[in-house]
Structures are given as C-alpha cells and as structure tokens.
Amino acid sequence: GFMALGIAGMLGIGTVFGSLATTMTVFADETGHPGTGGLIYAAMGITSGLAALTVSRWPARWGAAFRWVLCAALAVPATALLLLPTEPWQMALGMLAVGAPIGPILVTIFAASGPRTPPARLGLAMTLLSAAITLGTSVGNLLGGTVADGAGHRAALGVTVSAAGALLVVGLLFALYVRRENSCRDTASPEV
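Quick look at the pattern of salt bridges
Counting across every chain of the model gives one salt bridge. A salt bridge links Arg 116 to Glu 181, with the nearest nitrogen and oxygen atoms 2.9 Å apart. One end of the pair, Arg 116, is in the loop between helix 4 (88-113) and helix 5 (122-151); the other, Glu 181, is in helix 6 (residues 153-188), and 65 residues separate them in sequence.

Brief notes about the packing of helix 1 (residues 2-30) against helix 4
For the pair helix 1 and helix 4, the least separation of the axes is 10 Å and the interaxial angle reads 165°. Comparing the axis directions of helix 1 and helix 4 gives the class roughly antiparallel. Judged by the sense of rotation from one axis to the other, the crossing of helix 1 with helix 4 is left-handed. For the pair helix 1 and helix 4, the contacting residues are Phe 2, Gly 6, Gly 9, Met 10, Ile 13, Val 16, Phe 17, Leu 20, Met 24 and Phe 27 in the first and Pro 88, Met 91, Met 95, Val 98, Ile 102, Ile 105, Leu 106, Ile 109, Phe 110, Ala 112 and Ser 113 in the second. Split into classes, the residues belonging to the contact of helix 1 with helix 4 amount to 18 nonpolar, three polar and no charged.

Examining the side chain of Arg 67
Tracing the backbone through its elements, the reader meets Arg 67 in helix 3 (residues 64-80). This buried residue, Arg 67, is left without a salt bridge; Glu 181 holds the nearest opposite charge, at 12 Å.

With respect to the confidence of the model for the protein
Scored by pLDDT, the protein comes out at a mean of 95, with 97% of its residues at no less than 70. Per-element averaging of pLDDT across the protein places helix 6 at the bottom with 93 and helix 3 at the top with 98.

Things to note about helix 2 (residues 37-54)
Its 18 residues give helix 2 an end-to-end C-alpha distance of 27 Å, which sits within 8% of 26 Å, the value for a rise of 1.5 Å per residue. Among the residues of helix 2, those classed as buried are Gly 37, Ile 40, Ala 43, Met 44, Thr 47, Ser 48, Ala 51 and Ala 52. Around the axis of helix 2, the buried residues are gathered within 155° of arc, so they sit on the same side. Residues Leu 39, Leu 50 and Leu 53 are exposed on helix 2 and point more than 90 degrees away from its buried face. Summarising the contacts, the buried residues of helix 2 are in contact with helix 1 and helix 4.

Analysis parameters
Residues numbered from 1 in each chain as written. Predicted model: local features only at pLDDT ≥ 70, side-chain atom pairs only at ≥ 80, totals over all residues. Heavy atoms only, no water. Salt bridge = Lys/Arg side-chain N within 4 Å of Asp/Glu carboxyl O. Helix = DSSP H or I, 4+ residues; strand = E, 2+ residues; numbered from the N terminus. Axes fitted to C-alpha atoms, helices over the stretch in contact; angles between N-to-C directions. Parallel < 35°, antiparallel > 145°, perpendicular 65-115°, else oblique. Left-handed = near helix turned anticlockwise from the far one by under 90°. Contact = heavy atoms within 4.5 Å. Nonpolar A, V, L, I, M, F, W, Y, C, P; charged D, E, K, R; others polar. Buried < 20%, exposed > 50% of the residue type's maximum accessible area, 1.4 Å probe, protein only. Lys, Arg positive; Asp, Glu negative; His and termini not counted. pLDDT = per-residue confidence, 0-100. Expected span 1.5 Å × (residues − 1). Arc of directions from axis to C-beta.

Following this line, the structure appears as structure tokens:
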C-alpha cells in the first residue's frame, strides 16, 4: 500500500540529508575551510523549509503524485550539480538549489498519507514516516562518510545523487499507485 511508498520516500529524503551532512564536512576540509561544513549544509535547510511552506499555495490540480515526481525530477540534477563547486560559497549556492525541491516532497508525503490512512492509525503512520527520515539520515551519514573517507567528497556525492534518483523512482511508483487508485474508484462508483 501507500505506507511502503511513503516510508521508501522518507528513507530517500533522509539519505539525501545524512549523506550531505557528512559530505559537506569533508568538502570543507578538502577545500581548506575546516569547520564551515555545517554552515554550507544549513543553506539546504533554508530553501527546504521555505519551499515546504509554499506547497499549500501550489495549484490544486497539482496532485501529490505530480508534486512528488516534479520535485524529485528537479532534485536529481540539483544534487548532481554539487559535483562542480570548488569553493564553500559555490557549494552553499548548490545546497540552496537542492533544498528547494526536497522540502515539498517531504510535505507531500506527509499530506498524501492522511487520506490513505485510517484515522485510528494516523499517529502510527506519521511516526513511521518520521522514523524513516531519521533512519535514512543515519544510513546517509554512514554511506556518505564511509565513501568520503575513502575517496573524497565527490565520490560521496554519488550516495546523494543515488538517493535523489531513488526518490524519483518511488515518486513514479506513487504516480502509478494513484492512477490505479483512481481507476478503482471510477469502476466502483455505480452509474446513476
């Protein structure tokens, strides 16, 4: 059902967050600016939060599946562009670009679970989704840090780009799920 897709999406978001947290620390060290990794990482939080706040203002015809796929399709090239910066300010600009599509996906997954979850289980559903972000962040920290230690920040960004790609794949699966959901609803309604 939807919960598996929602959890997979939140794992992907968490993996983006976690891999970038460790990778930015390594990037800062590699470029001779130790201690600035947290500041660079914070840039993503700014646009992620601001973009998430705008979702309620997006056109109503942009359903959850469309928003998820659109934003994930923007997140993949945005994360890939992080391979280019050589200075902290350039990386901070890249992180601003990554945050913008990630925040709306997060909001979309939480919002999409509401109508697809029985009211008595909504608390459990939200807890599972939140836990998946945390778990994904841990996985991203581990994978990103391990790769960065062995092969540098650019190699570690492969974890981030892969997580963004996974977010897109899960978004496309969610779009198929919604299409099936709508066709079942159409065939179930009796002709009047």
